[in-house]
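The primary structure of each chain is shown beneath.
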Amino acid sequence: MFDLDMIKTVYQNLDAKLTKVRKLYGRPLTLTEKILCSHFSEMPQTAPERFKTYVDLNPDRVAMQDATAQMALLQFMSSGRKKVAVPSTVHCDHLIQAEVGAEGDLSRAEKENKEVYDFLSSVSNKYGIGFWKPGAGIIHQVVLENYAFPGGLMIGTDSHTPNAGGLGMLAIGVGGADAVDVMAGLPWELKWPGVTGVRLTGSLSGWTSAKDVILKLAGILTVKGGTGKIIEYFGPGTQSISCTGKGTICNMGAEIGATTSVFPFDSRMATYLRSTERSELALLCEKFAQHLVADPEVFVSPEKYYDEIIEIDLSALEPHVNGPFSPDKAWPISQLKNAVDENAYPEEIKVALIGSCTNSSYEDIERSANIARLAAAKNLKTKSEFVITPGSEQIRATIERDGQLDALTKIGGKVLANACGPCIGQWKRHDVKDGEKNTIITSYNRNFAKRNDGNSATHSFVASPEIVTALAIAGSLKFNPITDYITTPSGEQVKLIPPSGDELPKNGFTSGDIGYKPPAKDGSKIKVVIDPNSTRLQALAAFKKWDGKDIVAAPVLVKAKGKCTTDHISPAGPWLKFRGHLDNISNNLFIGAVNAFGYEPGKGKNVMTGEVKSFSENARYYKAQGIGWITIGDENYGEGSSREHAAMEPRYLGGKAIIVKSFARIHETNLKKQGMLALTFKNPSDYDLIQEDDRLSITGLQSFSPGKPLKLIINHSNGAQHECELNHSYNKAQIEWFKAGSALNLMSILDKKAPAKPAKKIAKKAKKKRKVTARKTVKKSPKKSMKKLKKKTAKKTRRK
């Protein structure tokens, strides 16, 4: 049981804090408001205004995965702090490449990534950070099993951190620089979000699962419909969904751009806490339950408290399959067959994959194994390659003990390591050639082009584990297990029975080799060494501060056309190994971006030389010549992962500004943190004005202030000129980040300016010293007058 004393303090303070908050608002509160307001760094004078007010919050904890932790901890080391200020953990789950199976893949990863693992382990040990070894599990599953608690506030350096919302926690994905602030003891800044209420009624049954709730919602809201909002689920239907099912729904809230998602505390959460050996926490939650749900008045008149309300009847909900290429392209299973024909999607499913941080709970694997057992009884095996990724060692050990792994492997399944693997592109695939059109289906969360296997021709679809398992047996994307039959080897026509299974293990979980390493109590003598010749790790140098001038005649590096996610800006896959080396990983800058001016993805024209090269080569050329450059982007620019490398790389290679139609939340913040200008066209159609050989100037930076637009001057090569306004969302503090060169730079500047000790403490110490000196002198020289002695001592102290 981790951090129980901290959690007790959170709960014991809730009543007093929420009493003040209700006076502040003058009305009942949503669950989102309760959690956020109970974590104010300082109680504001007025209630924050949604979508406008910036607030400072004190999160309860920080979680980092190994790919993002490298850069976050390199930045933390630069902060000068001796120990993290809040409970923090590192989880080694991203760097394990899937190829041959669990044992072989893990063994190879431990050798290939030894330098990085040793670095993360030693830094964690030195600075008081809990360390989860390779193979221990995927960050979000491990957090749910060990750290998440109802009513808590957590930030994590991964976009799917909201998974912990399944346990009633506000868990928000951020960039590494935000994590550094919180670990350094500084408040975390958030623009006060809107709140979308999703009212669930009815109950799940048959082939429908919790995954279908979020697949349906993604189809309604699209990939940017949740931007700037928190999704709060309520209604009687919430209690029909297991705790881990709720986690699945919250996990994929990242795919609709939501800040995070959350469910109210209920008995299903209490049951899960007890099953994961946190009975004392379950009792605490039950004691403070009224504070861990929205106020009763919210349920009576939800339209008064939510910005919008979406109704989903679980009893009428149909299983969904979303894709390809975007997680919001939603197809009810009954419509998928026609969609395949109409869009010429490859019908044959080459590979079916279940598990990942989104769907690897005991319940998920149990329901899939139930289908596998029924299929095996009819001598059926999977026609597609079938892959299983356990979410944690605790899950793997338990499903091995209880027989689910055996049932899945008997029909053709292959078990991978307890890691992200194919979900984040760590998949060495051998069955198709690059560029070969094919279909895969997963129970993962994200399916952008090249996301899983690096092949832009792979059509990736997302569904629940049970639907993926059924389609793996059929081998066809057109198969509907609700209505269709499968032919057995003996020629019998059989219909798969809707899956069922236990939500939690009857005999409790078994931990297996848990893989947790607590930090040293005193890490002051532990040394962290970075080899200056390393290709994997590189000590950071501070970015240059703003020169005080407007940006003049900057070339356009790239005008990104259409979807430009963080996978397009800085992909994962083979590049993950360079996440701790800013110079090396910067070679992948915009490698997947589609240039509006033509050429193959990842390339553009160097306007100084006329050569067509990769964007990273062009950026390095401009930087060497002392020329700053600008990127132009489309809608929802930076959608996807929380990876701050997508913001650090353009900054490192000399970029000055990113100008787009609209930003995804996390990426916009990451750009600001790194001292990059993140600006939007006031008139989105001005995007069309930008031409390849333009020189762009941004004016008004000397008077850069909140709410005041900047001006873009576009000078075309034919001598024509256009002017347009650029909006921004910077507040005063964020403008100071820009001026200092980055948020980390500003932290260092403020540290140097801060007095070593407060003035009151200095005065108090001086007074005490005067008294002690006086007493000693009197004892040695009793004949001297006290008056004369005090005068002499005071004069000496003033000189000092």
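So, how was this worked out
- Residues numbered from 1 in each chain as written.
- Predicted model: local features only at pLDDT ≥ 70, side-chain atom pairs only at ≥ 80, totals over all residues.
- Heavy atoms only, no water.
- Helix = DSSP H or I, 4+ residues; strand = E, 2+ residues; numbered from the N terminus.
- Rg over C-alpha atoms; globule rule 2.2 N^0.38 Å.
- Buried < 20%, exposed > 50% of the residue type's maximum accessible area, 1.4 Å probe, protein only.
- Contact = heavy atoms within 4.5 Å.
- Areas by Shrake-Rupley, 256 points an atom, 1.4 Å probe, with all protein chains shown as cover.
- Pairing = 2+ DSSP bridges.
- Axes fitted to C-alpha atoms, helices over the stretch in contact; angles between N-to-C directions.
- Polar contact = N/O pair within 3.5 Å; in protein donor to acceptor, adjacent residues only side chain to side chain.
- Phe/Tyr/Trp six-rings, centres within 6.5 Å; stacked < 30°, edge-to-face > 60°.

This part covers the overall build of the protein chain. Broken down by element type, the protein chain carries 27 helices and 30 strands. Computed over C-alpha atoms, the radius of gyration of the protein chain comes to 28 Å, within 12% of the 28 Å expected from 2.2 N^0.38 for 800 residues, which places it in the range of a compact globule. Here the C-alpha coordinates of the protein chain stretch approximately 115 × 75 × 55 Å along the principal axes. When burial is assessed residue by residue, the protein chain has 60% of its 800 residues classed as buried. Taking contacts inside the protein chain between residues at least 6 apart in sequence as the whole, the part at least 24 apart equals 74%. Put simply, the protein chain shows about 31500 Å² of open surface, and 50% of that area lies on carbon and sulfur atoms.

The next thing to look at is the sheet that holds strand β9 (residues 229-234). Within the open sheet, the four strands sit side by side as β10-β9-β8-β11. Their pairing is parallel. Edge positions in the sheet fall to β10 (260-262) and β11 (308-313), since each of these pairs with one other strand and no more. On average, adjacent strands in this sheet sit at an angle of 20° to one another, irrespective of strand direction. Each of β8 (194-201), β9 and β11 is contacted by helix α9 (residues 210-221), which is oriented at about 135° to β11, the strand it contacts most.

Now for unusual backbone geometry. Cis geometry marks the peptide bond from G323 to P324, where omega comes out at 0°. Turning to its location among the elements, P324 is positioned in the loop between β12 (320-322) and β13 (330-332). For T222, which is not glycine, the phi dihedral falls at a positive 70°. Here T222 shows up in the loop between α9 and β9. Even without being glycine, E277 reaches a positive phi, approximately 60°. Mapped onto the elements, E277 comes out in the loop between α11 (267-275) and α12 (279-287).

Attention now moves to the environment of S384. Tracing the chain through its elements places S384 in the loop between α15 (362-377) and β15 (385-389). Through-space distance from the C-alpha of S384 to that of A593 is 32 Å; in sequence the pair is 209 residues apart. Of note is the side chain of S384, whose polar atom sits 2.7 Å from the backbone oxygen of I349.

Next up on the list: the packing of aromatic side chains. Any aromatic ring pair is given by two values, namely how distant the centres are and how the planes are angled relative to each other. Counted by the stated rule, this structure contains 21 aromatic pairs. Between F76 and Y127 the ring centres are 5.2 Å apart and the planes differ by 90°, which places this aromatic pair in the edge-to-face class. With F76 in helix α4 (residues 66-78) and Y127 in helix α6 (residues 114-127), the pair connects residues that are 51 residues apart, well separated along the chain. A residue is classified by how much of its surface remains accessible, and F76, at 0% relative accessible area, is buried. Each ring, one from Y345 and one from F461, has its centre 5.5 Å from the other, and the planes form 70°; the classification is edge-to-face. Residue Y345 is found in the loop between α14 (333-343) and β14 (349-355), and its partner F461 is found in strand β18 (residues 458-462); the two are separated by 116 residues along the sequence. Residue Y345 shares its accessibility class with F461, and that shared class is buried. Among the aromatic side chains, those forming a connected cluster through ring pairs are F2, W132, Y147 and Y516.

What the six strands build is an open sheet, ordered β6-β5-β2-β3-β4-β21; its pairing is mixed. Both edges of this open sheet fall to β6 (170-173) and β21 (516-517), since each of them pairs with a single strand only. Bridge analysis of strand β5 (residues 153-156) against β6 gives four bridges, and the strand direction is parallel. Looking across to β6, one finds that I155 is bridged to I172.

Glancing now at the side chain of T442. Positionally, T442 belongs in strand β17 (residues 438-442). A polar side-chain atom of T442 sits 3.0 Å from the main-chain amide nitrogen of Y444. When neighbours within four sequence positions are excluded, T442 is seen to be in contact with L353, S460, F461, V462, A463 and V468.

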